[in-house]
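Chain residues, written in single-letter form:
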Amino acid sequence: MLKRYYIATYGCQMNVYDSEVLAGHLESMGYHAASSEDEADVLIINTCAVRKKAEEKVFSRLGTIRELKKSRPQMIVALWGCMAQRETVVQRIKRRFKFVDLVSGPNALERFPALLEKAATAKETVFDLDHAGGKESLPIKRAEGFKAWIPISHGCNNYCSYCVVPYVRGPEISRLPENIINEVDELANCGFKEITLLGQNVNSYGKDLKQKIDFADLLLHLDHRLINRSDNPPRIRFMTSHPKDLSEKSVRVIAEGRNICEHIHLPIQSGSDELLKKMNRGYTRDYYLGLVDMIREAIPGSSITTDLIVGFPGENEEDFALTIDLMAKVRFDAAFIFAYSPRQGTRAAGMPGQVAAKIKKKRIVQLNELQNRIGLEKNQGLVGSIQEVLVEGQSKTNKNMFTGRTRTNKIVHFPSAADCLGEFIDIRIEEARGWNLIGAIDRRN
Ligand code: SAH
Ligand code: SF4
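Values in this document were obtained by computation on a predicted structure and should not be read as measured data.

The strand order across the open sheet built from six strands is β2-β1-β3-β4-β5-β6, with neighbouring strands paired in parallel fashion. For this open sheet the edge positions go to β2 (31–33) and β6 (126–128), each flanked by a neighbour on one side alone. Within this sheet the neighbouring strands show an average axis-to-axis angle of 20°, counted without direction. The pairing of strand β1 (residues 3–9) with strand β3 (residues 42–47) spans five bridges and is classified as parallel.

If you want it as structure tokens, here you go:
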């Protein structure tokens, strides 16, 4: 009988990648993808623990899965990823969600087939919360045919005081460059059009390796290699850059690289030095502003996006005014604004001066309003320009409408009578909106 799996993925791009590996394992074990969780023999919820909201979503989903499991007791339910590494979550699963068959942290990818087998016959929930675990030569079933994600490092050593990532994903480990290069070669051979290098802090890549290599060296090598092997090489993207480690050398490589996209996601988190210090971010507001100037001078037309947290413990009106001021000064292309969410076990959760939810909400609205205005103004500046777009989506309601991204990571909608998914197309920008652009085909490449 056909065995089917369904994976629901929450959180960041690293989770998307991990889900692709889980799917790879399942396919090599003879499973096929199910179109919904109702048909699944194996159901995996790949979770995020960065904010409470993400965790609550998963718990409420587990409530519905409980009913599903009653009607299909043979179905194996797995809670995968970052939430599994949280003591509070483990306790809650043990108390209230005993029907979950497997609970496993993100570093057990290599052990998944054995864990699944164990979970299929065990009477009680199987737990695997070990941070150790191999990450090479894993099977993978990529969700998309032309965009791929490759981790260049796993885990994080930065211990920003609000963040659970170092606890749930473990210490930072850089992958060997030869393994990354082999994977990139393979993707290029398979015709992939865009490769995103992933790490919690790509700019600290290589610091833990014996050989002398840094992120700039890796980027430069990959760019040369891809250009030399084809006239139409895939684009290279990377995420996330930590301001404290982004080097001038990396910026120069991005500027000079032919196929390295001119987009830097550079989370600032706050515009107040006092808060940056309490957050343990390792840079000041002036340092950050200097970085922005350096990037814009070296890479004209580049885009800079950011993450911001409002309502960090002790954030007063003055701190918040500094964040507003910084946003107005930098003029980000996009900003993702989050309400601070206390995470048990992190330093900030115990700090005095926790901010009321109402104030956080008000500050989020204020920052979003400012960013929407700036985003629109910046996008208006692109009207009339020609942008190279990689086409990545087709509208569900109108088969003649497509969506792609510019090298600077801006979303562009445009009409096309012919199917152009996965192609690079030059688009003339005709209209700007806050978070996207509207255009028309200028030329197919
Ligand atoms: N390693 C990346 C991403 C970390 S998580 C980085 O350093 O940027 C993505 C974003 O979630 C962070 O940039 C931060 O803005 C936000 N975040 C992390 N922990 C949070 C918390 N406890 N409450 C609210 N937002 C948080
Ligand atoms: Fe979390 Fe900071 Fe590491 Fe990013 S750099 S994952 S915010 S601890």
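In this section: empty space enclosed by the protein. As enumerated under the stated definition, the model contains one cavity of 30 Å³ or more in all. The computed volume of the largest cavity comes to approximately 30 Å³. Taken together, Tyr17, Asp18, Leu109, Lys135, Leu138, Pro151, His154 and Arg175 make up the full set of residues lining the largest cavity. When grouped by side-chain class, the residues that make up the lining of the largest cavity number four nonpolar, one polar and three charged. Formed jointly, the lining of the largest cavity draws a minimum of three residues from each of two domains, domain 1 (3–128) and domain 2 (144–261).

This next bit is on the pattern of salt bridges. Here the structure, examined in full by the defined rule, presents 33 salt bridges. Ionic pairing is found between Asp245 and Lys207, a salt bridge with its closest N-O pair at 3.1 Å. Within this pair, whereas Asp245 is found in the loop between β11 (235–239) and α8 (248–256), its partner Lys207 is found in the loop between β10 (194–198) and α7 (215–229), the two being separated by 38 residues in sequence.

Right, let's get into helix α2 (residues 52–71). For α2, built from 20 residues, the straight-helix expectation of 28 Å at 1.5 Å per residue is met to within 8% by its first-to-last C-alpha distance of 30 Å. When we look at burial in α2, the residues that qualify are Ala54, Glu55, Val58, Phe59, Leu62, Ile65, Leu68 and Lys69. If you follow the buried residues of α2, they end up packed against β3, β4 (76–81) and α3 (87–96).

The next subject is the site of ligand 1. Close contacts around ligand 1 come from 15 residues, with Tyr162, Gln200, Gln269, Asp307 and Ser341 the closest. Separating a nitrogen atom of ligand 1 from a backbone N or O atom of Tyr162 is a distance of 3.0 Å. Protein burial of ligand 1: of its 540 Å² of free accessible surface, 89% is covered by the chains. If you list the elements that add at least two residues to the shell around ligand 1, you get β13 (303–310) and β14 (334–339). Split into classes, the residues belonging to the shell around ligand 1 amount to seven nonpolar, four polar and four charged. Counting residues domain by domain, the shell around ligand 1 receives three or more from each of domain 2 (144–261) and domain 3 (265–380).

Right, let's get into the site of ligand 2. In the vicinity of ligand 2, the residues found are Cys156, Asn158, Tyr159, Cys160, Tyr162, Cys163, Val165, Pro166, Gln200, His242 and Arg281. Residue classes in the shell around ligand 2 are distributed as seven nonpolar, three polar and one charged.

Looking now at the environment of Arg347. Tracing the backbone shows Arg347 in the loop between β14 and α12 (357–380). Classification of Arg347 as exposed rests on a relative accessible area of 51%. Along the sequence, Arg347 and Ser36 sit 311 residues apart, while their C-alpha atoms lie 40 Å from each other. Ignoring sequence-local partners within four residues, the contact set of Arg347 consists of Ser161 and Asn280.

The next subject is the domain arrangement of the chain. In terms of domains, the chain is made up of domain 1 (3–128), domain 2 (144–261), domain 3 (265–380) and domain 4 (386–441). With centres defined by C-alpha atoms, the gap from domain 1 to domain 3 works out at 34 Å. Of the roughly 520 Å² buried between domain 1 and domain 3 on both sides combined, carbon and sulfur atoms contribute 41%. If you look at where domain 1 meets domain 3, you find one salt bridge. Its salt-bridge partner being Glu55, residue Arg343 comes within 3.2 Å of it at the nearest N-O pair.

Counting residues in hydrophobic clusters, the biggest one holds 65 residues, and the most contacted among them are Tyr162, Leu197, Leu219, Phe238, Tyr288 and Met327. It is α7 that provides the largest number of residues to this core, a total of six residues. In this structure, this core is formed jointly by two domains, domain 2 (144–261) and domain 3 (265–380), each of which donates at least three residues. Every residue in contact with Leu197, bar those within four places of it in the chain, is listed here: Ile150, Ile152, Val202, Phe215, Leu219, Leu222, Ile236, Arg237, Phe238 and Met239. Ile93, Val100, Val103 and Val164 belong to the second-largest nonpolar core, a separate cluster that totals 27 residues.

What follows deals with the pairing of β14. When β13 meets β14, the two strands line up parallel, connected through six bridges. The residue of β14 that forms the bridge with Thr306 is Ala335.

Here is what the cut-offs are and how they apply
Residues numbered from 1 in each chain as written. Chains lettered and ligands numbered in written order. Predicted model: local features only at pLDDT ≥ 70, side-chain atom pairs only at ≥ 80, totals over all residues. Heavy atoms only, no water. Pairing = 2+ DSSP bridges. Helix = DSSP H or I, 4+ residues; strand = E, 2+ residues; numbered from the N terminus. Axes fitted to C-alpha atoms, helices over the stretch in contact; angles between N-to-C directions. 1 Å grid on protein atoms, 1.4 Å probe; cavity = no way out; pocket = protein on both sides within 12 Å on 5 of 7 lines; lining within 4 Å. Points joined across faces, edges and corners; volume = space filled by probe spheres on them. Nonpolar A, V, L, I, M, F, W, Y, C, P; charged D, E, K, R; others polar. Domains from an automatic or database assignment. Salt bridge = Lys/Arg side-chain N within 4 Å of Asp/Glu carboxyl O. Expected span 1.5 Å × (residues − 1). Buried < 20%, exposed > 50% of the residue type's maximum accessible area, 1.4 Å probe, protein only. Contact = heavy atoms within 4.5 Å. Near = heavy atom within 4 Å. Polar contact = N/O pair within 3.5 Å; in protein donor to acceptor, adjacent residues only side chain to side chain. Areas by Shrake-Rupley, 256 points an atom, 1.4 Å probe, with all protein chains shown as cover. Buried area = accessible area lost by both parts, 1.4 Å probe. Core = buried A, V, L, I, M, F, W, Y, C linked by side-chain atoms within 4.5 Å.

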